[in-house]
Amino acid sequence: MKLALSLLLILALFTCATMIRVENRRLAAYRAHPPEGQFIVVDGHPVHYVQMGEGPDLVLLHGASGSTRDWTFDIAPVLAESYRVTILDRPGLGYTPPLKPNGVTLSEQTTLMVEAARALGVENPVVAGQSFGGALVMNWAVHHPDHISAAVSIAGATHPWPGGRDTLYALLAQPVIGPIMAHVISAWLPEAYLEGQINAVFAPNDPLPGYADYIGAGMILLPEQFKANAQQRHELLHHLEEQQPRYADVEIPVEVIHGDADTTVGLSVHSEPLVEEVQNGNLTVLDGVGHMPHHVEMAETIAAIDRAALRAGVK
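Keep in mind that what you see is a predicted model, and the values were worked out from it rather than measured.

(A) Expanded view of the pairing of strand S6 (residues 150-154). Where burial is concerned, most of S6 is hidden: five out of the five residues are buried. Relative to S6, strand S5 (residues 126-130) runs parallel, the two sharing five bridges. By the bridge assignment for S6, Gly 129 is matched with Ser 153. Handedness of the crossover is the feature at issue here: the chain leaves S5, passes through helix H5 (residues 132-143), returns alongside S6, and the resulting connection is right-handed. The pairing of S6 with strand S7 (residues 254-259) spans four bridges and is classified as parallel. Bridge assignment links Val 152 to a residue of S7, and that residue is Glu 255.

(B) Highlighting the side chain of Ser 67. Within the secondary structure layout, Ser 67 lies in the loop between strand S3 (57-61) and helix H2 (68-72). For Ser 67, a relative accessible area of 11% translates into the label buried. Those residues in contact with Ser 67 that sit more than four places away from it in its chain are His 62, Asp 89 and Gly 94.

(C) Summary view of the environment of Phe 14. Counting through the fold element by element, Phe 14 comes out in helix H1 (residues 2-32). Contacts of Phe 14, omitting those with residues within four sequence positions, involve Val 184 and Trp 188.

(D) Here's a closer look at the sheet that holds strand S8 (residues 281-286). Strand order across the open sheet formed by eight strands is S1-S2-S4-S3-S5-S6-S7-S8, with mixed pairing between neighbours. Only two strands of the sheet have a single partner each, and these edge strands are strand S1 (38-42) and S8. When strand polarity is set aside, the average angle formed by the axes of neighbouring strands in this sheet is 25°. Sheet topology note: the S3/strand S4 (residues 84-88) ladder contains five bridges and is parallel. Among the inter-strand pairings, Asp 57 is bridged to a residue of S4, identified as Arg 84. Against the sheet, H5 contacts S3, S5, S6 and S7, and its axis sits at roughly 150° relative to S5. Here helix H14 (residues 298-312) sits on the sheet in contact with S3, S5, S6, S7 and S8, set at roughly 165° to S7.

Conventions adopted
- Within each chain, residues carry numbers counting from 1 in the order of the written sequence.
- In view of the model being predicted, local features appear only for residues whose pLDDT reaches at least 70, and side-chain atom pairs are presented and counted only at 80 or more, with totals across whole chains, interfaces and linings using the full set of residues.
- In computing side-chain properties, one takes all heavy atoms of the structure into account and sets aside hydrogens as well as water.
- For every residue, the accessible area obtained with a 1.4 Å probe (protein chains only) is divided by the maximum for its type, and the residue is called buried under 20%, exposed over 50%, and partly exposed between those limits.
- A run of H or I in DSSP becomes a helix once it reaches four residues, and a run of E becomes a strand once it reaches two; helices and strands are each numbered from the N terminus.
- Criterion used throughout: strands pair if DSSP finds at least two bridges between them.
- Classification remark: right-handed applies to a crossover when, strands pointing away from the viewer, the course from the first strand over the helix to the second runs clockwise.
- Two residues form a contact once any of their heavy atoms are found within 4.5 Å.
- For helices, the fitted line uses only the C-alpha atoms of the stretch in contact; every axis is such a line through C-alpha atoms, and the angle between N-to-C directions lies from 0 to 180 degrees.

Any functional reading would require information beyond the geometric quantities listed.
Here you go:
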C-alpha cells in the first residue's frame, strides 16, 4: 500500500512538473516568436498568414514542423520583389490552430488554405510548397484546379513510399496516449535536439547561420504542434495513396525542383515519378543538395517559380 501511494505521489509530482514546464516553455516561445503576420478567419477557423510584395499572386506552403518563418527567413522577401507573396501557416502549426484533434485529411488542410487565400483576394496563384507542403500543392492542383495557375513542388512528398509509417508518429497520433506523450516530450526534450534535427534535414549541406533561432525551436516543441505534426505525418502515406492516381488529370504547369542528395524525401520516389505522371511537368535536379533547396539553392528555386509563372502566362 505504501509503495502504491509513493508511486502515485511521484506520478502526481511528475505530472505537475511537466505541466508547469510546458507552460513556461509556451510563454517563452510566444515571447520570443510572436505572430509575424495577421489572421483571417475562414468558416470560424483562424489562419495565420504573412503577405508581402506586389505582382502576380504566389502562395507558399511550408513543410512538416514548419511555419511562415521558414519562408520569411530569406527567400520570401526576395520573391516579394516580383510577386505578391502570401505565406500561410498550415493547420496545427505555427499560429494556425488545428482543424480537429485527430483525423485531419490532406484535402481538409488544402481546402482551408485555398479558402484562406481566396478570402485574402488571391485568385489563381502560383502555389509552391516544400516537403509536406508539396503534398498540399499537388492536392490543390488535383482538387481545386480552377483556383491555381501553376504548381511548384520543392523536394515535395508527393507519392507513397516504401517502408511504412514511423512508430513514434503512430503513437503520438493516438487520441489518448498522443497528448500525454506530446506533453512529456514538449516539457523535457532539450531544444538542442531540434538543432540536431535541423542539421540532419539540411544535410549534406550546412544549415544557414541563424536559421534555427529564427524559426523558433520553442514553438515547434509545443505539445499541440508536436502532436499535429505527428498526426499529419502518420496519415500522409494513406492520403498520398489516394491522391497519386489523380496526377494524370493535372493539366497546369508543374515545376519540380529536388536535390539528388535528399535523404528525407527521395528524388526517385517522389519527384521523378511526378513529372512523368502530370501532363505538363518539368524537373530540375540539384547536384549535391539535400532537403532544403529553397535555402541552399535559393536562386534555382526562384528560377523554378519564375518558370512556372511564365508557363502559366501570369508573369
